[in-house]
Amino acid sequence: RMERDGVIAGNVAILDPASVGLHVTAFAQVSLEDHHPDSVYEFDQMVEDLPEILECHAMSGQHDYQLKVVCESIEAYDRLLSQHILRVKAVQTVNTSFVLRTNKSTTALPLAD
């Protein structure tokens with residue numbers, strides 16, 4: 001019934017990133033210079049085209065977007081940043097934090113019984 005009603009969006013296998021060579025997880029806070037529809041479209045297209053970007057959230061507060069990124073190395077992240085993210089004309093700043101240790105990671109929603 002949940003699949004028929006569209007509650008279940010899909011089924012996936014959850015992989016251990018390090019086991020498949022993805023040793024770096026980063027969270028990047030991105031601010032745009034403007035929110036012109038063309039600028040937002042260019043940014044959204046870049047996000048959609050890069051499989052390293054696992055999540056993209058439009059945010060309230062100091063930054064416009066938060067990205068969750070996985071890469072094989074810091075050097076690979078640097079290439080992604082310089083060759084793709086910073087090439088979007090409207091990107092003003094990117095502030096990156098690298099994950100040192102993951103204490104909890106889940107996709108389970110807190111549903112009532």
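This is a predicted model, so every value here is computed, not measured.

1. A short note on the state of the cysteines
Logical step 1: For the structure on display, the rule yields zero disulfides.
Logical step 2: Note on Cys56: no disulfide assigned, nearest cysteine sulfur contributed by Cys71 at a separation of 15 Å.
Logical step 3: Its relative accessible area of 4% is what places Cys71 among the buried residues.

2. Details of the packing of aromatic side chains
Logical step 1: Throughout the structure, instances matching the rule amount to two aromatic pairs.
Logical step 2: Both rings, one in Tyr77 and one in Phe98, keep their centres 5.4 Å apart while their planes meet at 85°; by these two values the pair is edge-to-face. Placement of Tyr77 in helix α2 (residues 74–83) and of Phe98 in strand β4 (residues 91–98) is noted, with a sequence separation of 21 residues between them.

3. So, the nonpolar core
One broad trend across soluble globular proteins is that nonpolar side chains are buried collectively.
Logical step 1: Judged by nonpolar contacts, the single largest core of 21 residues is most densely connected at Phe43, Met46, Leu67 and Tyr77.
Logical step 2: Leaving out residues up to four positions away in the same chain, Leu67 has contacts with Ala26, Phe27, Ala28, Val30, Phe43, Val47, Ile53, Glu55, Cys56 and Ile85.

4. Side note on a nonpolar patch on the surface
Logical step 1: On the surface, Met2, Val7 and Ile8 cluster together to form a nonpolar patch covering roughly 250 Å² of accessible area.
Logical step 2: Following the sequence through the fold, Met2 ends up in the segment before β1 (24–32).
Logical step 3: We classify Met2 as partly exposed; its relative accessible area is 41%.

5. Overview of the sheet that holds strand β2 (residues 53–58)
Remark on secondary structure: sheet strands pair via backbone hydrogen bonds, oriented parallel or antiparallel.
Logical step 1: Spatially, the four strands line up as an open sheet ordered β2-β3-β1-β4, and their pairing is antiparallel. Each edge of the sheet is formed by a strand with only one pairing partner; in this case those strands are β2 and β4. Averaged over all neighbouring strand pairs, the angle between strand axes comes to 20°, with direction disregarded.
Logical step 2: Here helix α1 (residues 37–49) sits on the sheet in contact with β1, β2, β3 (65–71) and β4, set at roughly 25° to β3.

6. Focus on the pairing of β2
The two faces of a sheet get side chains in turn, since along a regular strand they alternate between them.
Logical step 1: Strand direction decides the pairing type here: β2 and β3, joined by five bridges, are antiparallel. Residue Ile53 lies in a different strand from β3, and its bridge partner there is Val69.
Logical step 2: Joining the antiparallel neighbours β2 and β3 is a turn of six residues, in which Gly61 adopts a positive phi near 100°.

7. Examining the environment of Lys68
Logical step 1: As for its position among the elements, Lys68 is in strand β3.
Logical step 2: Counting along the chain gives 16 residues from Lys68 to Glu52, while the straight-line C-alpha distance between them is 8.4 Å.
Logical step 3: Leaving out residues up to four positions away in the same chain, Lys68 has contacts with Thr25, Ala26, Phe27, Glu52, Ile53, Leu54 and Glu55.

8. A closer look at the pattern of salt bridges
Logical step 1: Applying the stated criterion across every chain yields a total of two salt bridges.
Logical step 2: Close ionic contact of Asp5 with Arg1 constitutes a salt bridge, the shortest N to O distance being 3.7 Å.
Logical step 3: According to the relative accessible area criterion, Arg1 is exposed, its value standing at 69%.
Logical step 4: Residues Arg4 and Asp5 are paired through a salt bridge, measuring 3.6 Å at the closest nitrogen-oxygen approach.
Logical step 5: Through salt bridges that share partners, Arg1, Arg4 and Asp5 make up one connected network.

Reading guide: rules and limits
Residues numbered from 1 in each chain as written. Predicted model: local features only at pLDDT ≥ 70, side-chain atom pairs only at ≥ 80, totals over all residues. Heavy atoms only, no water. Disulfide = S-S within 2.5 Å. Buried < 20%, exposed > 50% of the residue type's maximum accessible area, 1.4 Å probe, protein only. Phe/Tyr/Trp six-rings, centres within 6.5 Å; stacked < 30°, edge-to-face > 60°. Helix = DSSP H or I, 4+ residues; strand = E, 2+ residues; numbered from the N terminus. Core = buried A, V, L, I, M, F, W, Y, C linked by side-chain atoms within 4.5 Å. Contact = heavy atoms within 4.5 Å. Patch = residues over 30% accessible without salt bridge, like charges linked within 9 Å, V, L, I, M, F, W, Y side chains within 5 Å. Areas by Shrake-Rupley, 256 points an atom, 1.4 Å probe, with all protein chains shown as cover. Salt bridge = Lys/Arg side-chain N within 4 Å of Asp/Glu carboxyl O. Pairing = 2+ DSSP bridges. Axes fitted to C-alpha atoms, helices over the stretch in contact; angles between N-to-C directions.

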